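Structural characterization, general
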Amino acid sequence: MKQRICFLVDSIFSIGGVQRVTAVIAKELSKSYDITIVTFDKPEAKNLTLYDLGQSDIHYRFISYPSIGYFKNKLCKAYSGLYMRLLPQSKWTSDLYAHSSFPSELRKVLVTELKAGNYQTIIGVHAPLSGRLATIKKHLPGVKTIGWIHNSFEALFGDNFIYIGGARKRHYVYQFRKLDHVVLLCHHDAETYYGYDPVFKPTVIYNPLTLEPGKTSQGNTKRFLAVGRFSHRHKGFDLLIEAFHIFAQKNTEWHLDIVGEGVEEKMYRELIEKYHLTDRVTIHPFTNHVQDYYSQAQVYVLSSRWEGFGLVLVEAMAHGLPVVSSDLPTSQEIMGDFGLYFKNGDIDELAQRLEDATKLDWVAKSKEAIEISQRFEVAHIIKQWKQLIETSIHE
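Counting starts from 1 at the beginning of each chain's written sequence and moves along it residue by residue. Given that this is a predicted model, residues contribute local features only at a pLDDT of at least 70 and side-chain atom pairs are listed and counted only at 80 or more, while totals for whole chains, interfaces and linings are drawn from all residues. With hydrogens and water excluded, all non-hydrogen atoms of the structure serve as input to the side-chain values.

**Points about the overall build of the protein**
The helix and strand inventory of the protein stands at 16 helices and 13 strands. Only the C-alpha atoms count toward the radius of gyration. The rule for a globule is 2.2 Å times the residue count to the power 0.38. By the compact-globule yardstick of 21 Å for 395 residues, the protein fits well, its C-alpha radius of gyration being 22 Å. In terms of overall dimensions, the protein has C-alpha extents of about 60 × 50 × 45 Å along its principal axes. Counting the 395 residues in the protein, one finds 54% classified as buried. Contacts between residues were defined by any pair of non-hydrogen atoms, one from each residue, lying within 4.5 Å. Taking the intrachain contacts of the protein between residues at least 6 apart in sequence as the baseline, contacts between residues at least 24 apart amount to 71%. Surface accessibility follows the Shrake-Rupley procedure with a 1.4 Å probe radius. Residue values consider only the protein chains on display as shielding. In the form shown here, the protein has an accessible surface area of approximately 17800 Å², with 51% of it arising from carbon and sulfur atoms. The positive charge centre, built from 46 side chains, and the negative charge centre, built from 44, are 8 Å apart in the protein. The helix and strand labels rest on DSSP assignments: H or I over at least four residues marks a helix, E over at least two residues marks a strand, and numbering proceeds from the N terminus. Only protein chains enter the calculation, and the probe is 1.4 Å; a residue is then buried if its accessible area is under 20% of its type maximum, exposed if over 50%, and partly exposed in between. We count Lys and Arg on the positive side and Asp and Glu on the negative side, and we leave His and both chain ends out. All charge positions are set by atom: Lys at NZ, Arg at CZ, Asp at CG, Glu at CD.

**Digging into the sheet that holds strand β6 (residues 181-184)**
Taking strand neighbours across the sheet as the criterion, the seven strands line up as β3-β2-β1-β4-β5-β6-β7 in an open arrangement whose pairing is parallel. Two strands bound the open sheet, and with one partner strand each, they are β3 (58-62) and β7 (203-204). Where strand β5 (residues 144-148) meets β6, three bridges bridge the pair, whose relative direction is parallel. Directly across from I146, in β6, lies its bridge partner H181. The convention used is that axes are lines fitted to C-alpha atoms, helices contributing only their stretch in contact, and that angles between N-to-C directions extend from 0 to 180 degrees. Sheet strands in contact with helix α5 (residues 127-135) are β1 (4-9), β4 (121-125) and β5, and its direction is about 140 degrees off that of β4. Two strands make a pair as long as DSSP finds a minimum of two bridges between them.

**Notes on the side chain of S325**
Within the secondary structure, S325 is located in strand β12 (residues 323-326). Ignoring sequence-local partners within four residues, the contact set of S325 consists of L302, S331, M335, L340, Y341 and F342.

**So, the nonpolar core**
Soluble globular proteins tend to pack their nonpolar side chains together in the buried interior. Working definition of a nonpolar core: buried Ala, Val, Leu, Ile, Met, Phe, Trp, Tyr and Cys residues. They are joined through side-chain atoms within 4.5 Å. Counting residues in each nonpolar core, the largest one holds 59 residues, and the members touching the most others are F7, I25, L29, W148, Y294, Y300 and W385. Of all the elements, helix α12 (residues 311-318) adds the most residues to this core, at seven residues. Setting aside its immediate chain neighbours within four residues, W385 contacts I25, L29, I123, I146, W148, V183 and I205. With 33 residues, the next largest nonpolar core counts I122, I136, L184 and A190 among its residues.

**Things to note about the pairing of strand β9 (residues 255-259)**
The buried fraction of β9 is high, at five of five residues. Alternating residues of β9 divide into H255, D257 and V259 and L256 and I258, and every residue in both groups is buried. As defined by bridge partners, strand β8 (residues 223-227) adjoins β9 across five bridges and the pair is classed as parallel. Each bridged residue has a counterpart across the sheet, and for R223 the counterpart in β9 is H255. Judged from the four bridges that link them, β9 and strand β10 (residues 281-284) form a sheet pairing that is parallel. Directly across from D257, in β10, lies its bridge partner T282. Tracing the backbone out of β9, into helix α10 (residues 265-274) and back to the parallel element β10 gives a crossover that is right-handed. Place the viewer so that the strands point away; then a crossover is right-handed whenever the path from the first strand over the helix to the second strand goes clockwise.

**Thoughts on the environment of V323**
You can see V323 is positioned in strand β12. Taking the relative accessible area as the measure of exposure, V323 reaches 1% and is therefore buried. In this structure the C-alpha to C-alpha distance between V323 and K365, which are 42 residues apart in sequence, comes to 9.2 Å. Once residues lying within four places of it in the same chain are set aside, the contact partners of V323 are Y300, L313, A316, M317, M335, F338, G339 and L340.

Have a look at this one:
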């Protein structure tokens with residue numbers, strides 16, 4: 001009988017890098033295990049054509065939380081607010097906060113759903129759900145629990161970022177300790193967590209290449225490419241447009257394509273208009289055939305302010321593209337000396353790297369790109385996931 005494995009996700013039927021990676025890993029594991037995805041998506045959002053989910057034997061369960069009573073909600077928020085204000089650095093107060101921020105009515109629903117599946121392994125996708133899974137672990141006896149963290153330590157806990165924030169750093173590390181395993185996406189993050197708390201020993205598993213590469217780029221189009229969701233500040237496309245404006249004043253033949261959708265699109269279009277770049281910079285909507293853009297590009301640009309794992313770097317290199325990237329630790333871990341790096345957030349230095357990219361030995365760089373991308377083929381990555389799943393809880 002196949003081992004039953006559950007992925008607990010906020011969403012699987014929506015557009016995003018985390019959803020795509022989760023789908024790829026779940027599909028590969030479904031060849032050896034009985035896979036269920038428990039999602040907070042609405043049932044009507046189910047779309048098995050997305051990420052080719054319909055091509056695998058995966059089960060889906062939809063879950064939603066009930067409303068909390070007025071007085072219970074006020075009481076929970078009061079304690080949570082007190083904890084955030086006083087920040088007591090102890091496991092005991094962290095556990096109290098874990099329960100006050102996740103009321104019993106919600107915990108009961110999640111525990112009931114997960115116990116009903118009789119899973120041997122449950123994987124919480126993203127830091128918040130990993131934390132929730134840790135909170136209810138004692139109600140799941142004999143079940144291996146794995147937290148899968150998709151953002152960098154700095155993005156989650158840095159004071160200048162928009163996710164969890166530094167105030168709850170100690171709380172989350174206390175909770176992560178309860179899980180049987182925590183998977184991070186790069187060794188830099190593992191070392192950072194270890195430096196913060198030597199008791200916490202995560203596992204590093206890189207994300208795999210999640211698409212079938214299209215035609216290898218021929219390197220003759222004079223087109224830069226950037227791909228990603230237009231979420232608040234994250235991908236730094238505003239920085240890229242500013243830098244391309246500087247670059248374009250001397251380089252009249254190059255074009256910039258940005259593929260994606262999201263809340264910052266209006267701001268990007270306003271920048272393009274401001275710098276009179278409407279004939280040089282084109283925004284394209286999300287597509288299931290992003291390979292076509294990689295194949296037509298000459299250089300890929302990652303301008304992100306932070307990344308858990310720059311999956312687009314692997315995709316770009318699989319199409320033979322040289323890469324300009326912000327000097328994020330994860331980018332340097334993925335590409336080593338291959339990348340053309342600029343100081344994170346430095347528009348002038350990014351503009352200079354765009355200039356440098358036009359003068360590369362493109363053929364040699366393209367060959368190197370493809371060789372690097374092969375390290376991230378899903379067959380290599382899935383072996384590590386299987387090894388983790390098969391490891392005894394007590395090892």
